[in-house]
Amino acid sequence: MRTRWADESYQGIVRTGFRMKRRLFKGKSPFQTVEVVETSGHGRLLLIDGMTMVSERDEFVYHEMIAHVPLFTHPRPRRVLVIGGGDGGSVREVLRHKGVERCVLAEIDPLVVAASRKYIPKTAAALSDRRCEIRIGDGVRFVRETAERFDAVIVDSTEPFGPAKELFGPAFYKDVRRVLTRDGVVVSQAGSPFYEIGTIKNLMRILKPVFPVVEPYLFTNMTYPGGLWSFLYSSKGPRPSRDFKPARVRAARLPLRWYNARMHEAAFALPEFLRKAVGR
Ligand code: SAM
């Protein structure tokens, strides 16, 4: 039988392929094409417009690093907003924090939530947690119009085009600042330091006039092209090294598989090419 591959072509210069057993779902929403495939070596994959979003085998890395770095830096996170993140992985990690009372998920595409709930339930399970409220709609509009205030905002979006384009713009981050509480922290998905250093630099240029603290941090995974990926941590005050207390992580005793206090600290060590490019 012919071997089939779930192929992702990235920037037209690199391809990653996951040996595919079968396609479980393919659907088109007004925003994008959503697929879920069963693979031989990486569990189930969620793809959007042909780009791998989540692989069951390594999604814990991305979701632990996007959630626990800000939530263990903020002194006492209780209300969290996740923008994008319709697969539910970021919400699952946020709600591991017993002190979090409310997590709002602002996801533009209900098809992503439905497909994730049905086909990658281990990732999406926390979407049914009573502390989670799913608001289907544009995250840009949500932060512009909400009267709520949040201790942390997690921007778990797709790449800066299509519906996600404005999530990488100055107006959005001015609104994010408005909805953050006094010690508010925000983390943004910032792409590959190898292939998208421009995205990282542009996003830092947008964040710096809005937040006094802006720090890139890195993680590695099996799924994304180049294997090295970045987030941008920004805040109104708390610093991810000075204000981070490793004892809090140990005391929380969360069932984690990647994040720990040393990985938190190590994530902010930048390789020389990136350090120079972002002027650290
Ligand atoms: N971990 C993935 C990555 O690194 O690319 C992202 C995961 S999540 C599936 C990305 C989500 O962002 C998608 O479900 C997409 O529908 C959502 N999204 C894109 N633009 C959005 C917007 N303006 N408002 C809310 N959600 C948006």
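Residues numbered from 1 in each chain as written. Predicted model: local features only at pLDDT ≥ 70, side-chain atom pairs only at ≥ 80, totals over all residues. Heavy atoms only, no water.

## Re the side chain of T223
Along the polypeptide, T223 turns up in the loop between β11 (213–220) and β12 (228–235). Within polar-contact distance, the side chain of T223 engages the side chain of S55 at 3.4 Å. In this structure the side chain of T223 is engaged in a polar contact, spanning 2.6 Å, whose partner is the side chain of D58. With residues near it in sequence (within four places) discarded, T223 still touches F18, T52, S55 and D58. (Helix = DSSP H or I, 4+ residues; strand = E, 2+ residues; numbered from the N terminus. Polar contact = N/O pair within 3.5 Å; in protein donor to acceptor, adjacent residues only side chain to side chain. Contact = heavy atoms within 4.5 Å.)

## Some points on the pairing of strand β3 (residues 33–39)
Within β3, 7 of the 7 residues are buried, which leaves the element mostly enclosed by the surrounding structure. Residues T33, E35, V37 and T39 of β3 are buried on one face, and the alternating residues V34, V36 and E38, pointing to the opposite face, are buried as well. Pairing of strand β2 (residues 14–28) with β3 involves 7 bridges; the strand directions are antiparallel. Its bridge partner being in β3, R22 is matched across the sheet by E38. Where β2 folds back on β3, the antiparallel hairpin that results is connected by 4 residues. In this structure, β3 lies alongside strand β4 (residues 44–48), joined through 5 bridges in antiparallel fashion. Within β4, the position partnered with V37 by the bridge is L45. The turn linking β3 back onto β4 is made up of 4 residues, and G43 within it adopts a positive phi angle of 70 degrees. (Buried < 20%, exposed > 50% of the residue type's maximum accessible area, 1.4 Å probe, protein only. Pairing = 2+ DSSP bridges.)

## Some remarks on the site of the ligand
Around the ligand, a shell composed of 24 residues is seen, among which Q32, E107, D138, G139 and P163 lie nearest. Q32 places a side-chain nitrogen or oxygen 2.9 Å from an oxygen atom of the ligand. In the model, a nitrogen atom of the ligand is placed 3.2 Å from a nitrogen or oxygen of the I108 main chain. Expressed as a share of its isolated accessible area of 590 Å², the protein-covered part of the ligand is 99%. Along the lines of polarity and charge, the residues of the shell around the ligand split into 10 nonpolar, 9 polar and 5 charged. (Near = heavy atom within 4 Å. Areas by Shrake-Rupley, 256 points an atom, 1.4 Å probe, with all protein chains shown as cover. Nonpolar A, V, L, I, M, F, W, Y, C, P; charged D, E, K, R; others polar.)

## Examining the state of the cysteines
Here is the idea: a disulfide is a covalent bond, and it sits between the sulfur atoms of two cysteines. For the structure shown, the criterion picks out 0 disulfides. Here C103 stays unpaired: no disulfide links it, and the sulfur of C132, its closest cysteine neighbor, is 5.4 Å away. When its relative accessible area of 12% is taken as the criterion, C132 is described as buried. (Disulfide = S-S within 2.5 Å.)

## Let's talk about the packing of aromatic side chains
Tallying each qualifying case throughout the model produces 15 aromatic pairs. Between Y10 and Y195 the ring centres are 5.2 Å apart and the planes differ by 70 degrees, which places this aromatic pair in the edge-to-face class. Of the two residues, Y10 is situated in strand β1 (residues 4–10) and Y195 in the loop between β10 (180–191) and α7 (197–207); the sequence distance between them amounts to 185 residues. Owing to a relative accessible area of 7%, Y10 belongs among the buried residues under this scheme. Taking 5.9 Å as the distance between ring centres and 85 degrees as the angle between the ring planes, the aromatic pair formed by Y62 and Y224 counts as edge-to-face. Taken together, the residues Y62 in helix α1 (residues 59–73) and Y224 in the loop between β11 and β12 connect sequence positions 162 residues apart. (Phe/Tyr/Trp six-rings, centres within 6.5 Å; stacked < 30°, edge-to-face > 60°.)

## Some words on the pairing of strand β7 (residues 102–107)
Counting buried residues along β7, 5 of its 6 residues qualify, which places the element largely inside the surrounding structure. In terms of strand pairing, strand β6 (residues 79–84) meets β7 through 5 bridges, oriented parallel. Bridging across to β7, V82 finds its partner in L105. Taken together, β6, helix α2 (residues 89–94) and β7 form a β-α-β motif whose crossover is right-handed. Taken together, the 5 bridges between β7 and strand β8 (residues 132–136) define a ladder with parallel strand orientation. Across the sheet, residue V104 finds its bridge partner in β8, namely E133. (Right-handed = clockwise from strand over helix to strand, strands pointing away.)

Note that every value here comes from positions in space, so none of it alone points to a role or purpose.
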